[in-house]
Amino acid sequence: YDAKSEVQRILGTNNGQFLANQILHSINPNTLFNGLLTDINNQSPTADRTIDRRIVFKWAQKGKMKNPHHVFYDEEREDEFKDQTPSKPNEENMFQPFLSKKILLEL
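Worth saying up front: this structure is predicted, and the values here are computed from it rather than measured. (Residues numbered from 1 in each chain as written. Predicted model: local features only at pLDDT ≥ 70, side-chain atom pairs only at ≥ 80, totals over all residues. Heavy atoms only, no water.)

(A) Looking closely at the nonpolar core. Grouped together as the largest cluster of nonpolar side chains are 13 residues, with contacts concentrated most on Ile40, Val56, Met65, Val71, Leu99, Ile103 and Leu104. Leave out the neighbours within four places in its chain, and Leu99 touches Leu37, Ile40, Asn41, Val56, Val71, Phe81, Gln84, Leu104 and Leu107. (Core = buried A, V, L, I, M, F, W, Y, C linked by side-chain atoms within 4.5 Å. Buried < 20%, exposed > 50% of the residue type's maximum accessible area, 1.4 Å probe, protein only. Contact = heavy atoms within 4.5 Å.)

As structure tokens, this is what we get:
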């Protein structure tokens, strides 16, 4: 299988920079942001995730977050979550990352 030839045939180019620019220009930032929030905060135990929740805390620790533990739900910050659905994790996910929009932006 020659992936490069397949890309050339389907897209008319295999120029990586051109393809990257096309992808970046086709992404709606709001859709991407809301998709990430939905994926990370999904409460289903059988969710088919794009983002592994175990990585979220690692990102927070390695990044420049003021408090990496803010990737977890905290009742003291419940106002950050009030406009989200769900607005808090269910009992079995209380110790999994659950992001507010504010924290996802910071992350």
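(B) Local environment of the pattern of salt bridges. Using the criterion set out here, one finds four salt bridges in the structure. Across the salt bridge formed by Asp52 and Arg54, the nearest N and O atoms sit 2.6 Å from each other. By relative accessible area, Arg54 is classed as exposed at 61%. Connected through shared salt-bridge partners, Arg77, Glu80 and Lys102 make up one network. (Salt bridge = Lys/Arg side-chain N within 4 Å of Asp/Glu carboxyl O.)

(C) Quick look at a negative patch on the surface. Taken together, the side chains of Glu75, Glu76, Glu78 and Asp79 make up a negatively charged region of the molecular surface. Tracing the sequence through the fold places Glu78 in the loop between helix 4 (53–62) and helix 5 (101–106). (Patch = residues over 30% accessible without salt bridge, like charges linked within 9 Å, V, L, I, M, F, W, Y side chains within 5 Å. Areas by Shrake-Rupley, 256 points an atom, 1.4 Å probe, with all protein chains shown as cover. Lys, Arg positive; Asp, Glu negative; His and termini not counted. Charge placed at Lys NZ, Arg CZ, Asp CG, Glu CD. Helix = DSSP H or I, 4+ residues; strand = E, 2+ residues; numbered from the N terminus.)

(D) Representation of unusual backbone geometry in the model. Omega for the peptide link from Thr85 to Pro86 comes to -5°, which places this bond in the cis form. Structurally, the position occupied by Pro86 is in the loop between helix 4 and helix 5.

(E) Seen up close, helix 3 (residues 29–41). Its 13 residues give helix 3 an end-to-end C-alpha distance of 18 Å, which sits within 8% of 18 Å, the value for a rise of 1.5 Å per residue. Within helix 3 the residues assigned to the buried category are Phe33, Leu37, Asp39, Ile40 and Asn41. Considering only its buried residues, helix 3 is in contact with helix 4 and helix 5. Looking at where helix 3 begins, the residue whose side-chain oxygen comes 2.8 Å from the main-chain nitrogen of Asn30 is Asn28. (Expected span 1.5 Å × (residues − 1). Polar contact = N/O pair within 3.5 Å; in protein donor to acceptor, adjacent residues only side chain to side chain.)

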